[in-house]
Amino acid sequence: MLPGDNSGVAARRMDPEKLKAALDGQLVALDEPSYDGPASALPDALVAAVLAAYDRGLRPERDAARQAVRYLLDKLAAAAPGRTVEIRVPPYAAVQAIAGPRHTRGTPPNVVETDGRTWIELALGRLTWEDAMAKGAISASGSRADLSEHLPLR
């Protein structure tokens, strides 16, 4: 592994019990029945439930939104390993991704920051990078802070 390369780092393992609790909490808030599908589909079901809350004009449950954002950020970091760009989705999570020079001190030169809904919509392809930038939903600084070639996540 090269210095600054996180490609050998496994994605954070999400606790299925915590995912299920967050998903069920979101489903209750949406007046829907508890999740009874396979554990392997929990993360995607959680993302869908959080997106359903946004689509209904509701604020998603905090833990559900946090875990959905974290899951999608981890997918990006796994798909585009590296430490060149820091992607921040406050107050939920942040990751470093994208191959290139590693940054180790202070504010990284390449930073992307957005809100939870925008990140989820970008990750799922419901919103393009260009459209999000045009409406000011993303703050991106640095020469490598364009994530359009990595989105939507597959």
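Our subject is the structure that appears above.
Cut-off values and rules
Residues numbered from 1 in each chain as written. Predicted model: local features only at pLDDT ≥ 70, side-chain atom pairs only at ≥ 80, totals over all residues. Heavy atoms only, no water. Pairing = 2+ DSSP bridges. Helix = DSSP H or I, 4+ residues; strand = E, 2+ residues; numbered from the N terminus. Buried < 20%, exposed > 50% of the residue type's maximum accessible area, 1.4 Å probe, protein only. Salt bridge = Lys/Arg side-chain N within 4 Å of Asp/Glu carboxyl O. Axes fitted to C-alpha atoms, helices over the stretch in contact; angles between N-to-C directions. Contact = heavy atoms within 4.5 Å.

Peer 1: I would appreciate a short explanation of the pairing of strand β3 (residues 111-114) in the present structure.
Peer 2: In this sheet, β3 lies alongside strand β1 (residues 85-89) in parallel orientation, the contact comprising three bridges. Bridging across to β3, Arg 88 finds its partner in Glu 113. Bridge count for β3 against strand β4 (residues 138-141) is four bridges, and the pairing is antiparallel. Across the sheet, Val 112 pairs through a bridge with Ala 140, a residue of β4.

Peer 1: Can you walk me through unusual backbone geometry in this structure?
Peer 2: Note: most peptide bonds trans; most residues except glycine with negative phi. In this chain, Pro 90 is followed by Pro 91 through a cis amide linkage whose omega measures 0°. Position of Pro 91 relative to the elements: it lies in the loop between β1 and β2 (93-97). Here the amide bond leading from Leu 151 into Pro 152 is cis, since omega sits at -5°, within 30 degrees of zero. Relative to the assigned elements, Pro 152 resides in the segment after β4. Of note in the backbone geometry, Asp 31 takes a positive phi value of approximately 60° without being a glycine. The topology assignment puts Asp 31 in the loop between α1 (16-29) and α2 (42-55). Here Ile 98, not a glycine, exhibits a phi torsion of approximately 75°, which is positive. Tracing the backbone through its elements, the reader meets Ile 98 in the loop between β2 and β3. Judged by relative accessible area, which is 10%, Ile 98 ranks as buried.

Peer 1: I'm lost on the pattern of salt bridges in this one. Help?
Peer 2: Charged atoms that come close allow side chains of opposite charge to pair. Per the stated rule, a full pass over the model turns up nine salt bridges. Between Asp 55 and Arg 126 there is a salt bridge whose closest N-O contact spans 2.8 Å. One end of the pair, Asp 55, is in helix α2; the other, Arg 126, is in the loop between α4 (116-124) and α5 (129-134), and 71 residues separate them in sequence. A network of salt bridges, in which partner residues are shared, links Asp 55, Arg 117, Glu 121 and Arg 126.

Peer 1: For this particular structure, what's the right way to read the sheet that holds β4?
Peer 2: In a beta sheet, neighbouring strands pair by backbone hydrogen bonds and run either parallel or antiparallel. Here four strands make up an open sheet; going across it, the order is β2-β1-β3-β4 and the pairing mixed. Since the sheet does not close on itself, it has two edges, and those belong to β2 and β4, each with one partner. For this sheet the average axis-to-axis angle between neighbouring strands, irrespective of direction, equals 10°. Sheet contacts for helix α3 (residues 62-79): β1 and β2; angle to β2, the most-contacted strand, approximately 5°. α4 rests against β1, β3 and β4 of the sheet, and its axis sits at about 110° to β3.

In short, shape yes, function no, at least from these values alone.
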